[in-house]
Amino acid sequence: MNRLSTSERVTAPQDRSARSAPHSVWARLGGFAFDRRGRVLGAWIVVLVGVFVSLALVGTSSESSFDTPDSESASGFDILQENFGSAGSFLSGSIVFEAEQGIDDATIAASMGELFDEVEAFEEVTVTSPYSDIGRQQGLVAPDGRIAYATLAFTDDTNEIRASEIGAEITEFVAEIDVDGLNIEIGGAALSEFEPPESELIGIAFAIVILILAFGSVLAMGLPIGVALFGVGIGVGTISLLSNVMSIPDFATSLGAMIGLGVGIDYALFIVTRYREGTRAGMERRTAVVSAIDTAGRAVVFAGFTVVISLLGMFVMGLSFINGLATGAAVTVAITMVASVTLLPALIGFAGSRVETTRWRGLIMAGGASFGVLGVGIGVQPMALLGLVVLVSTLVASFFVPKLREALPPRTEKPLRETWSYRWSRFVQRHPWPMALGVTVLLLALSTPVLGLRLGFGDESTFADDTTTRQAYELLADGFGPGSNGPLLLVANVDSAGDLPAASSLVATLNETSGVAQALGPIPSDSGNALLIRVVPSTGPQDEATSDLVKTLRDEVLPAATADTDLEVLVTGSTASSIDFSSYLSQRIPIFFAAVLALSFLLLMMVFRSILVPLKAVIMNLLSIGGAYGLVVAVFQWGWGVELLGTGNGPIEPFLPMMLFAIVFGLSMDYEVFLLSRIKEEYDKTGDAANSVADGLAATARVITAAAAIMVVVFGSFVLEDQRVIKMFGLGLASAVFLDATLVRMLLVPATMELLGERNWWLPKWLDRLLPTLNVEGGHHDAPVTDVTVPSTDETTGETSGDRVPVDA
């Protein structure tokens, strides 16, 4: 018998086809975290506190500028900033007002003048009043004289958080104005109120229930949630700190919380499942922890790094906005991944054997906690209070009612081949062609809306109807037409005396151009070195006709109108900049997709030593994410049921397909490794291609179902957030995970594995020699064969105990 030394403290693999080195770094990491759990937990607490203390001292910032390198709009903004000051700022807003008696009424004019003076007092804001000469020249008063607006431009160093704070203060100023017949609304996304996300509480509430159903243990339920909360807390705090040194949009923290909570619970779920399998197979606690980190922990790190690499791959786009978004998501995933393989083993060490025990007291208290957290998440305070009452009263009653302290009988586990998942797999394998073709057709049908995908940024018409931002949009559209919500700014340098007359002639041409509601100007700069023409489209900022108008102006109207002059006119402004940004990304998205697909294929080929398995995985992932894209387009672009989500329809944000692609491929990689490694393990043991599929599916069905259910609930809860882009991410991620875990894992995988049989694991020998081996599941420690006692010291108590470590005979 080969005995392990006492210093190794790891489990030797039972299955020689999947042998891992006894001194693997993952085994040592698991043992270290378990043995020194007090120090590990203390270190994580110090990091958590340190991040938030730093955040309190340093503060936070955010920026969502869509500057596109070497674009016409970027060059135009340079001219604006050099010659027209704050008119070149990407952040802007408006104060829109309507007066039944007319805006020139003395009382109205006095009240609005005082308001504009109060707003002008902010050092970050420049106000252009409709009562000023420049305001009249820019057409800030509607023809009927009832509606007008003031434009607000922010200095370049103003971030989105400060702009939102100024918006809140302006709202307070407006609330103090009480004049009959006067209606004032505050327009512009920059001034809209930013609400911190609360939807993650809804996800946590449902995760509590799902984890208890999956584990049958309250304490086992608490481990993944505790790890996820640590990871998300540190991750969100880190994103906020990074916003001071790089451009990170304001919704990056919401996105980070969404992704971090989902993957954090899932990663910990996989590891806890492996740990409990080990203890039920007869392993001592420490040995089971080492085994879990050396198997499931490897897969978690592999999946986590895949997500991080895919996200950071977006840096090749060369856009600061995309870099900030990718960094925020990648940081949260990386931190939750590290917490899963370090903090989780420490918490398991503290929990001890109680992980397998559930008492009536704990079960009722967990139910009360879930109910209360749900109440906080949806804003129903009586629910939150009732949940707290149940939790506290149950704890107190347990001291007097012995029944509450009794343990529930352990869940009876069915033999693997008597489970519904095994029978389901065999059913699918008996009908592989109908299942494979039917699911493929269904996913392709769900993907068809992608053919009409239009990338762009939604305007303020997508805000909820009851918000002042939406009301300001509608008021502007009523008085000036929808295009007034996103005017185009035409700028040019003035190099000769003939440029201004040529610009005046251009304005006349623009007023006769189809799609232009009004062109005003030219307005010379104070220095006389530049001019500005304000063009109001006849359609809204997010309308496709507005994008077509920008292209027509650049390609046809402006070149023809300035052909015989030295005038070089550039089309810029926030609307034109958004169009350029979308065009830039749409040209590069296919390259990014190809890179992620190639990376996924190569990694899976190294893991499973097969060509067909990774090829199928790539195709299936494309089908599931295509279906998710289709649902997002149908809801948020076509408007199918979008009112139920409290937003409006419009184009799909151009960065969303990339982000979804990177995140979903990384998440599906986890499911892929977890399921296929079990199938491969069974196949290596038995050589039975058919039953190995059913056995592998049956062994992983419960944990994959629970993991997917948690992700669907966590991601899906974010459709309740205020920001439209977060709603899109929530629906896209939730639907992608749902399709992947149901139609793909439960139907397509067993059907195609059955059709290909032993060819699933075919790999040319020459390629096998060239490919490096990537072992992401380590050794498979299913049951002890022969035990040897290895002493270990409990750091907390100082006691020495013996763990029974299985070894090879």
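Residues numbered from 1 in each chain as written. Predicted model: local features only at pLDDT ≥ 70, side-chain atom pairs only at ≥ 80, totals over all residues. Heavy atoms only, no water.

Here's the deal with the overall build of the chain
Summing up its helical and strand segments, the chain has 25 helices and 10 strands in all. For 809 residues, the compact-globule estimate of 2.2 N^0.38 gives 28 Å, and the chain sits close to it at 31 Å. Partitioning the contacts of the chain with sequence separation of at least 6, the portion at a separation of at least 24 is 79%. One way to put it: in the chain the 47 positive side-chain charges average out to a point 24 Å from where the 86 negative ones average out. (Helix = DSSP H or I, 4+ residues; strand = E, 2+ residues; numbered from the N terminus. Rg over C-alpha atoms; globule rule 2.2 N^0.38 Å. Contact = heavy atoms within 4.5 Å. Lys, Arg positive; Asp, Glu negative; His and termini not counted. Charge placed at Lys NZ, Arg CZ, Asp CG, Glu CD.)

Things to note about the pattern of salt bridges
A full pass over the atoms with the stated rule returns 25 salt bridges. The partner of aspartate 35 in a salt bridge is arginine 286, and the shortest N-O contact between them spans 2.9 Å. Of this pair, aspartate 35 sits in helix H1 (residues 25–35) while arginine 286 is found in helix H10 (residues 285–312), placing the two residues 251 residues apart along the sequence. You can call arginine 286 buried: its relative accessible area is 7%. Residue lysine 551 is joined to aspartate 555 by a salt bridge in which the shortest nitrogen-to-oxygen separation is 3.1 Å. Placement of the pair is lysine 551 and aspartate 555 together in helix H19 (residues 544–561), with a separation of four residues, close to one helical turn. One network of salt bridges, with partners in common, ties together Glu124, Arg162, Glu165 and Glu169. (Salt bridge = Lys/Arg side-chain N within 4 Å of Asp/Glu carboxyl O. Buried < 20%, exposed > 50% of the residue type's maximum accessible area, 1.4 Å probe, protein only.)

Structural notes on the confidence of the model for the chain
Counting all residues, the mean pLDDT for the chain is 87, and 91% of those residues have values of 70 or more. Of all secondary-structure elements in the chain, the lowest mean pLDDT belongs to strand S10 (residues 800–807), at 39, while helix H16 (residues 432–447) reaches the highest, 96. Considering only residues more than four positions removed or in separate chains, one finds that residues 1–22, a stretch of pLDDT under 50, has 62 contacts. Contacts of residues 780–809 to residues separated by more than four positions or lying in other chains number 98 contacts, the stretch itself having pLDDT below 50. (pLDDT = per-residue confidence, 0-100.)

A closer look at the nonpolar core
Within the largest apolar cluster, 169 residues are counted, with the highest numbers of intra-cluster contacts made by Leu311, Ile322, Leu585, Phe655, Met659, Phe715 and Phe729. Not counting residues up to four positions away in its chain, the partners in contact with methionine 659 are Leu255, Leu311, Met314, Leu325, Ala329 and Phe729. Among the nonpolar cores identified, the runner-up in size contains 29 residues, and Val119, Phe122, Val127 and Val179 belong to it. (Core = buried A, V, L, I, M, F, W, Y, C linked by side-chain atoms within 4.5 Å.)

Overview of unusual backbone geometry
Residue glycine 521 is joined to proline 522 through a cis peptide bond whose omega torsion reads 0°. Secondary-structure assignment places proline 522 in strand S6 (residues 516–524). Phi angles above zero are rare outside glycine, and arginine 609 is one such case at about 50°. Looking at the element boundaries, arginine 609 is found in the loop between helix H20 (574–608) and helix H21 (612–637).

Brief notes about the side chain of serine 370
Structurally, the position occupied by serine 370 is in helix H12 (residues 360–378). On the accessibility criterion, serine 370 (8% relative accessible area) is buried. Polar contacts involving the side chain of serine 370 include one to the main-chain carbonyl oxygen of alanine 205, which spans 2.7 Å. With sequence-adjacent residues up to four places away left out, serine 370 is seen in contact with Ala205, Ile208 and Val209. (Polar contact = N/O pair within 3.5 Å; in protein donor to acceptor, adjacent residues only side chain to side chain.)

Overview of the sheet that holds S6
A sheet is described by the order of its strands in space; here four strands give the open sequence S6-S7-S5-S8, paired in antiparallel fashion. Each edge of the sheet is formed by a strand with only one pairing partner; in this case those strands are S6 and strand S8 (570–572). Adjacent strand axes in the sheet meet at a mean angle of 25°, parallel and antiparallel pairs treated alike. Across three bridges, the pairing between strand S5 (residues 488–493) and S8 is antiparallel. Within S8, the position partnered with leucine 490 by the bridge is valine 571. Sitting on the sheet, helix H3 (residues 72–83) is in contact with S5, strand S7 (530–537) and S8, with an inclination near 85° to S8. (Pairing = 2+ DSSP bridges. Axes fitted to C-alpha atoms, helices over the stretch in contact; angles between N-to-C directions.)

Thoughts on the environment of glutamate 568
Mapping glutamate 568 onto the fold places it in the loop between H19 and S8. Not counting residues within four places of it along the chain, the set of residues in contact with glutamate 568 comprises Val491 and Ala492.

Observations concerning the packing of aromatic side chains
Summed over the entire model, instances satisfying the criterion amount to 18 aromatic pairs. Ring centres of phenylalanine 97 and phenylalanine 116 lie 6.1 Å apart, and the angle between their planes is 55°; on these two criteria the pair is classed as tilted. Of the two residues, phenylalanine 97 sits in strand S1 (residues 92–99) while phenylalanine 116 sits in helix H4 (residues 106–120), which places them 19 residues apart along the sequence. In this structure phenylalanine 116 comes out as buried when scored by relative accessible area, which is 4%. Look at phenylalanine 655 and phenylalanine 729: their rings are 6.4 Å apart centre to centre, the planes differ by 25°, and that puts the pair in the stacked class. Residue phenylalanine 655 is located in the loop between H21 and helix H22 (656–686), and its partner phenylalanine 729 is located in helix H24 (residues 724–756); the two are separated by 74 residues in the primary sequence. Of the two residues, phenylalanine 655 and phenylalanine 729, both sit in the buried class. Members of the aromatic cluster, each reached through a chain of ring pairs, are Phe251, Phe321, Phe457, Phe581, Phe655 and Phe729. In this structure, arginine 37 packs its charged tip against the face of phenylalanine 350, placed 6.0 Å from the ring centre. (Phe/Tyr/Trp six-rings, centres within 6.5 Å; stacked < 30°, edge-to-face > 60°. Lys NZ or Arg CZ within 6 Å of the ring centre and 35° of its normal.)

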